[in-house]
Protein chains: 2
Amino acid sequence: MSNPSNPIPADLQATLDPQRKSWVESANDAACDFPIQNLPFGVFSTASQERARVGVAIGDSVVDLAVLHEAGLLRVPAGSSGAENVFARAALNDFIALGRDAWRSVRVQLSSLLARDTTSGVTLRDDAGLRQRAFVKLADAKLHLPVEIPGYTDFYSSKEHATNVGSMFRDPKNALLPNWSEMPIGYNGRASSVVVSGTPVRRPNGQLKLPDQERPVFGACRKLDIELETGFIVGRGNALGEPIACEDAEAHIFGMVLLNDWSARDIQQWEYVPLGPFNSKGFATTISPWVVTLDALEPFRVAQPAQEPRPLDYLRHAGDHAFDIALEVLLRPEAAGEATSISRTNFRHMYWTMAQQLAHHTVAGCNTRVGDLMGSGTISGPTPDSFGSLLELTWNGKNPLELKGGGTRAFIEDGDELTLAGWCQGDGYRVGFGECVGKILPALKS
Amino acid sequence: MSNPSNPIPADLQATLDPQRKSWVESANDAACDFPIQNLPFGVFSTASQERARVGVAIGDSVVDLAVLHEAGLLRVPAGSSGAENVFARAALNDFIALGRDAWRSVRVQLSSLLARDTTSGVTLRDDAGLRQRAFVKLADAKLHLPVEIPGYTDFYSSKEHATNVGSMFRDPKNALLPNWSEMPIGYNGRASSVVVSGTPVRRPNGQLKLPDQERPVFGACRKLDIELETGFIVGRGNALGEPIACEDAEAHIFGMVLLNDWSARDIQQWEYVPLGPFNSKGFATTISPWVVTLDALEPFRVAQPAQEPRPLDYLRHAGDHAFDIALEVLLRPEAAGEATSISRTNFRHMYWTMAQQLAHHTVAGCNTRVGDLMGSGTISGPTPDSFGSLLELTWNGKNPLELKGGGTRAFIEDGDELTLAGWCQGDGYRVGFGECVGKILPALKS
């Protein structure tokens, strides 16, 4: 793998060592999403301490960074006010705003504190009182939206997804529109309705245009869908009028989350021409609570698919800019104990890279801000079982999916719980994203 | 005019009295945008006091509300912490969040303080020291973005505009798409690049698809345009999953601004299918600095155009929900001393009302927040000289406009200064919006 635009200093490289183990023993399980190589950032609270603060997931626990900072075990680098506890906040933004050197320094410190052969973490490991204050079991933690999101943009960067949708709704012979291969097509989403995993999602009402009626009717969405996506969090913004070069773009990315871009297909089809999706998407977008840093993903960097035609200059970057992230979608009906895996795919299939997305987003001068969320677009792989939406998996409902334990699904039904999962498979460990879950509530009476 | 959904209490009614005059004599000029009947809210600073705070425009001056509050002359009603000075802030959001009773109470107090026959304002009028601290000449004030904007949505609610654009780019025989007459079509805009009047706007670069070339080229926009719009500011949000009823929607609106939705037509035409405009709009949106409250607009309430077909239930509201706001666009080339008026129209032509826009925006469950900005969409009137964009005024450049003092314009050129103006004409006074101005800088070298 080649990474000319995002050099990794030696101390950071050590945090990626596959051999490193933690004295938090649950983190050493090969199936655990949160080994010491991951160290994803999130925001949490507990029943006994309702004030939300920043934590890092390790094994079956959350480490409270506000407590570590208070205890003098975690320094934030010069440039920020040392006295300020950026971890005693209800969002990651203030920490992220300190810049990449700070993210990396904190990662290096945390990895040292939590390593099995720690010297810096002896106090934390052996002081039962401190450990009790600093560690919370994940099962006891309430996880919050990790960042305050000033802007949410959603891209459309899977060639397979765009081709599938184009085939269904436009012309199978010219499924991919001519602009698609020239730029990472994107649109502005609604930031206010981005919710954290676990938040129930109410089935939306809206205008539905039924084929046998001249005018639309108002009612509950009948074609409720997921979109399996990832999202990246902007870690360093750009000023208005000052684009981010493609080669520099990864340095502006703090990390990634899983993202479910819930979509009301029937509302969408009626409303989206000519200005794009609006109510069909704006009712909810769910993200996973842990932000996996781009640094933690470094060992899983791979080459992006070949791009033909060759992109215009402003979209070029040397090296490898895709990431090998396995993805899965599970559907569990309310009555069923068991979930059915309905899709398995990989982020590496995406045609346009995150760096290209950010370069394109800013090339006309648009500014971005710390905490901005940029969705990948639905991640569909090349095979029918790797599509990232029910629309594609069931081909607009024509081929319903069989569920374990009986029943079928064309689209989502009330009470269904949808889960996205994602992980990078290392040798003997995995860097996981945790889950991105939402259960559907019935629509309001219309 | 009929207004069943927005009842006006008697003390508020008194602030609308056309006969009321101010002891700030410049406010009594019939041509002044800021008479005592207006009292628009904004945020300002001065060279000698750089900290931004909330003010109200009156005549040729700004009244510093933070100073009035400190001096005990302005109370914010119970429900808010009386000790807190919500006016000593760099945005209106905290004041707006106090709710409509607070906005109205402050309006009533300000009108009393500033009225020629004041009793409450005797101290302010006669205490030269206090008056000097509390009043700043508009010419000496730096005006800031009045609100922190969590979300920006742009609608498309002028039938004339949608018909013109549809005729040019789709099919003149079926210019209006079938969904347009059924709902206020809207899309999410980019909140980060909303700037206050006076901020220079850099011509964007982007992908241009030239008719004689197979692939797009990268370069400076050649069809830079304005869109004459108004915007409303959400004063009370709604929770996720809890729509705002059309009949209640006006109570959620704090006030209005002028809005210039700068548009790069060539970038737009190549990028916008299928997900809508993105880079062609995201480089800048300019708003006027003074938020004219919905209360101040009450005397100018008029009936909206007839809506046929009759809207679905969730888009119905009894009474009159349009406003008679005269609008004008001026273009001044860099070299020219003189500006040319290139369009005159009126907000009352808009097919969909602000209340309908807000009801539609939330009907699927999308939440809104205090400070959200909702653009009207380009406001084009029925006659060719009342169109709200150069695209329409010059019919995509085919009929360039003649400028005063020579020269023509198909689209905007570097150095051009574009000004939107708007006002409600009363009997002997006008409730004005001030100006919404932007001057175009050359594109970055591409």
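Model, not experiment: these values are computed from the prediction.

Visitor: Residue-level account of the overall build of chain A, with values.
Guide: Within chain A one finds 12 helices and 26 strands. Rg of the C-alpha trace for chain A: 22 Å, near the compact-globule value of 22 Å for 446 residues, within the 12% margin. Principal-axis analysis of the C-alpha atoms places the extent of chain A at approximately 70 × 55 × 40 Å. Taking all 446 residues of chain A together, the buried fraction comes to 63%. When contacts within chain A are restricted to residue pairs at least 6 apart in sequence, those whose partners lie at least 24 apart make up 71%. Each charge sign in chain A was given a centre, from 41 positive and 52 negative side chains, and these centres are 3 Å apart.

Visitor: An account of the sheet that holds strand β21 (residues 340-346) of chain B is requested, with residue identities and associated values reported.
Guide: Reading across the sheet, the 5 strands line up as β9-β26-β25-β20-β21 (chain B) and stay open at both edges, with mixed pairing between neighbours. Two strands lie at the open edges of the sheet, namely β9 (201-202) and β21 of chain B, each paired on one side alone.

Visitor: Tell me about the relation of the copies chain A and chain B, residues and numbers included.
Guide: The transform that puts chain A on chain B rotates by 180° and translates by 0.0 Å along the axis, for an RMSD of 0.0 Å. Here the symmetry operator amounts to a two-fold rotation axis. For chain A, the minimum C-alpha distance to the rotation axis belongs to Gly276(A) and amounts to 2.2 Å. A shared interface surface links the copies, since 100% of the contact residues of chain A are contact residues in chain B too.

Visitor: So what's going on with the state of the cysteines? Which residues, and what values?
Guide: This structure, assessed with the given rule, holds 0 disulfides over all chains. Note on Cys221(A): no disulfide assigned, nearest cysteine sulfur contributed by Cys366(B) at a separation of 15 Å. Here Cys424(B) stays free of any disulfide, with the sulfur of Cys32(B) as its closest cysteine sulfur at 14 Å.

Visitor: Describe in detail the pattern of salt bridges, supporting the description with residues and values.
Guide: Pairing between side chains of opposite charge can happen when their charged atoms approach one another. All chains considered together, the criterion is met by 50 salt bridges over all chains. The residue Arg104(A) makes a salt bridge to Asp295(A) at a minimum N-O spacing of 2.9 Å. Here the residue Arg104(A) occupies a position in helix α4 (residues 100-114), and Asp295(A) occupies one in helix α10 (residues 294-297), the gap between them amounting to 191 residues. Side by side, Arg104(A) and Asp295(A) carry an identical accessibility label, which is buried. When the shortest N-O distance is used, the salt bridge between Arg344(B) and Glu328(B) registers 3.6 Å. Of this pair, Arg344(B) sits in strand β21 while Glu328(B) sits in strand β20 (residues 326-332), and the two are 16 residues apart along the sequence. With relative accessibility at 48%, the residue Arg344(B) sits in the partly exposed group. If you follow the salt bridges from partner to partner, you end up with Asp225(A), Glu227(A), Asp261(A), Arg265(A) and Lys281(A) in one network.

Visitor: I'd like to hear about the interface of chain A and chain B, residue by residue, with values.
Guide: The interface of chain A with chain B comprises 61 residues on the first partner and 61 residues on the second. In total, about 5,300 Å² of surface goes out of reach between chain A and chain B, with carbon and sulfur atoms giving 59% of it. Three residues, Arg190(A), Leu275(A) and Phe278(A), lead the burial of chain A against chain B; their summed loss comes to 15% of the area buried on that side. Seen at the junction of chain A and chain B, the total is 4 salt bridges. With its nearest N and O atoms 2.6 Å apart, the salt bridge here joins Arg190(A) to Asp372(B). On inspection of chain A and its partner chain B, the count reaches 25 residue pairs in polar contact (both at pLDDT 80 or more).

Visitor: So what's going on with the packing of aromatic side chains? Which residues, and what values?
Guide: The full count for this structure, using the stated rule, is 24 aromatic pairs over all chains. The interplanar angle of 85° and the centroid separation of 6.0 Å between the aromatic rings of Phe155(A) and Phe278(B) together place this pair among those described as edge-to-face. Here Phe155(A) is found in strand β6 (residues 152-155), whereas its partner Phe278(B) is found in the loop between α8 (265-271) and α9 (279-282) on a different chain. Judged by relative accessible area, Phe155(A) falls into the buried class, the value being 1%. By relative accessible area, Phe278(B) is classed as buried at 4%. Each residue in the set Phe41(A), Phe87(A), Phe95(A), Trp103(A) and Phe254(A) is aromatic and connected to the rest through ring pairs, giving one cluster. The positively charged end of Lys209(B) is found above the aromatic ring belonging to Trp270(B), 5.9 Å away from the centroid. The ring of Trp423(B) is capped by Arg430(B), whose NZ or CZ atom sits 4.5 Å from the centre of that ring.

Visitor: Tell me what's going on with helix α7 (residues 159-169) of chain B, and back it up with residues and numbers.
Guide: When α7(B) is considered as a whole, its buried residues turn out to be His161(B), Ala162(B), Asn164(B), Val165(B), Gly166(B) and Met168(B). Residues of α7(B) that are buried in the fold lie against α12 (390-393) of chain B.

Visitor: Go over the pairing of β21(B) with me, naming the residues and quoting the values.
Guide: Looking down a regular strand, the side chains alternate between one sheet face and the other. Residues and elements named next belong to chain B. The element β21 is largely enclosed, with a buried count of 5 among its 7 residues. Relative to β21, β20 runs antiparallel, the two being bridged by 6 bridges. Each residue of the ladder has a partner; that of Ala-326, found in β21, is Asn-346.

Visitor: Help me get a handle on the side chain of Thr286(A), residues and values and all.
Guide: Its location among the elements puts Thr286(A) in strand β16 (residues 285-287). For Thr286(A), the side chain forms a polar contact with the side chain of Trp262(A), separated by 2.7 Å.

Visitor: Explain the side chain of Thr293(A) to me, using residue names and the numbers behind them.
Guide: Tracing the chain through its elements places Thr293(A) in strand β17 (residues 292-293). Excluding residues that lie within four positions of it along the chain, Thr293(A) makes contacts with Phe41(A), Arg107(A), Phe254(A) and Gly255(A).

Visitor: Describe in detail the environment of Gly438(A), supporting the description with residues and values.
Guide: Residues and elements named next belong to chain A. Mapping Gly-438 onto the fold places it in strand β26 (residues 430-441). When the C-alpha atoms of Gly-438 and Leu-418 are compared, they prove to be 5.5 Å apart, with 20 residues separating the residues in sequence. If sequence neighbours within four positions are ignored, Gly-438 has contacts with Thr-199, Trp-262, Asp-416, Glu-417 and Leu-418.

Visitor: Just give me the short version of the sheet that holds strand β5 (residues 142-144) of chain A, but keep the residues and values in it.
Guide: All names here are of chain A. Spatial ordering of the open sheet is given by β4-β3-β2-β1-β5, a layout of 5 strands whose pairing is antiparallel. Where the open sheet ends on each side, the last strands, each with one partner, are β4 (135-137) and β5. Direction aside, the axes of adjacent strands within the sheet are offset by 45° on average. Here strand β1 (residues 41-45) pairs with strand β2 (residues 53-58) via 4 bridges, running antiparallel.

Visitor: Explain the confidence of the model for chain A to me, and be specific about the residues and the numbers.
Guide: Residues and elements named next belong to chain A. A residue-level look at chain A finds 98% of positions with pLDDT of 70 or above and a mean pLDDT of 96. The weakest mean pLDDT in chain A belongs to helix α7 (residues 159-169) at 95; the strongest belongs to β16 at 99. What the predictor reports for the complex is a pTM of 0.98 with an ipTM of 0.97.

Visitor: Explain unusual backbone geometry to me, and be specific about the residues and the numbers.
Guide: The step from Val273(B) to Pro274(B) runs through a cis peptide bond, and the omega angle for that step is 5°. Tracing the sequence through the fold places Pro274(B) in the loop between α8 and α9. Of note, the amide linkage connecting Glu308(B) to Pro309(B) takes the cis form, showing an omega dihedral of 10°. Tracing the chain through its elements places Pro309(B) in the loop between β18 (301-302) and β19 (322-323). Its identity as a non-glycine residue notwithstanding, Leu39(A) has a phi of 55°, on the positive side. At Trp395(B), a position not held by glycine, the phi torsion is positive, near 50°. Of note, Trp395(B) is situated in the loop between α12 and β23 (401-402).

Visitor: Give me the environment of Arg203(A): which residues, what numbers.
Guide: Residues and elements named next belong to chain A. Within the secondary structure layout, Arg-203 lies in the loop between β9 (201-202) and β10 (205-208). Contacts of Arg-203, omitting those with residues within four sequence positions, involve Ala-220, Cys-221, Leu-224, Ile-412, Glu-413, Asp-414, Ile-440, Leu-441, Pro-442, Ala-443 and Leu-444. A polar atom in the side chain of Arg-203 sits 3.0 Å from the backbone oxygen of Cys-221.

Visitor: Any details on the environment of Ala220(A)? Residues and values, ideally.
Guide: Residue and element names in this part refer to chain A. Assignment of secondary structure puts Ala-220 in strand β11 (residues 217-220). Owing to a relative accessible area of 30%, Ala-220 belongs among the partly exposed residues under this scheme. Measuring from C-alpha to C-alpha, the distance between Ala-220 and Pro-442 comes to 8.6 Å, with 222 residues separating the pair along the chain. Residues contacting Ala-220, with those up to four places away along its chain left out, are Arg-203, Pro-204, Asn-205, Leu-208 and Ala-443.

Calculation criteria
- Residue numbering note: each chain is counted from 1, following its sequence as written.
- The order in which chains are written sets their letters, starting at A; the order in which ligands are written sets their numbers, starting at 1.
- A pLDDT threshold of at least 70 governs which residues receive local features in this predicted model, and a stricter bar of 80 or more applies before side-chain atom pairs are shown or counted, although totals over entire chains, interfaces and linings include all residues.
- Remark: hydrogens and water are excluded; side-chain values derive from all non-hydrogen atoms of the structure.
- The numbering of helices and of strands both runs from the N terminus, where a helix is a DSSP run of H or I of at least 4 residues and a strand a run of E of at least 2.
- Atoms counted for the radius of gyration: C-alpha only. Globule rule: 2.2 Å times residue count to the power 0.38.
- Burial here depends on accessible area, computed with a 1.4 Å probe over protein chains only, as a share of the maximum for the residue type. Under 20% is buried, over 50% is exposed, and the range in between is partly exposed.
- It only takes one pair of heavy atoms within 4.5 Å for two residues to be counted as in contact.
- Positive charge is attributed to Lys and Arg, negative charge to Asp and Glu, and no charge count is given to His or to the chain ends.
- Note that the charge is assigned to NZ on lysines, CZ on arginines, CG on aspartates and CD on glutamates.
- Here a strand pair is declared whenever DSSP counts at least two bridges between the two strands.
- Residues reaching a pLDDT of at least 70 in both copies supply the C-alpha atoms on which the copies are superposed by least squares.
- In plain terms, two cysteine sulfur atoms within 2.5 Å form what is called a disulfide here.
- In what follows, salt bridge is the name for a side-chain nitrogen of Lys or Arg lying within 4 Å of a carboxyl oxygen of Asp or Glu.
- We define buried area as the total accessible area lost by two parts upon association, computed with a 1.4 Å probe and summed across both.
- In protein, a polar contact means a hydrogen-donor-capable atom and an acceptor-capable atom, both N or O and within 3.5 Å, with residues adjacent in sequence counting only if both atoms are side-chain atoms; elsewhere, any N or O pair within 3.5 Å suffices.
- Stacked, edge-to-face and tilted labels apply to pairs of Phe, Tyr and Trp rings (six-membered ring for Trp) whose centres lie within 6.5 Å, assigned for plane angles under 30 degrees, over 60, and everything in between, in that order.
- In our convention, an over-ring charge means Lys NZ or Arg CZ found within 6 Å of a ring centre and within 35 degrees of that ring's normal.
- Structural elements are reduced to axes, namely lines fitted to C-alpha atoms, with helices fitted over the stretch in contact, and the angle between N-to-C directions of any two is expressed from 0 to 180 degrees.
- Confidence per residue, as judged by the predictor, is encoded in pLDDT with a range of 0 to 100.

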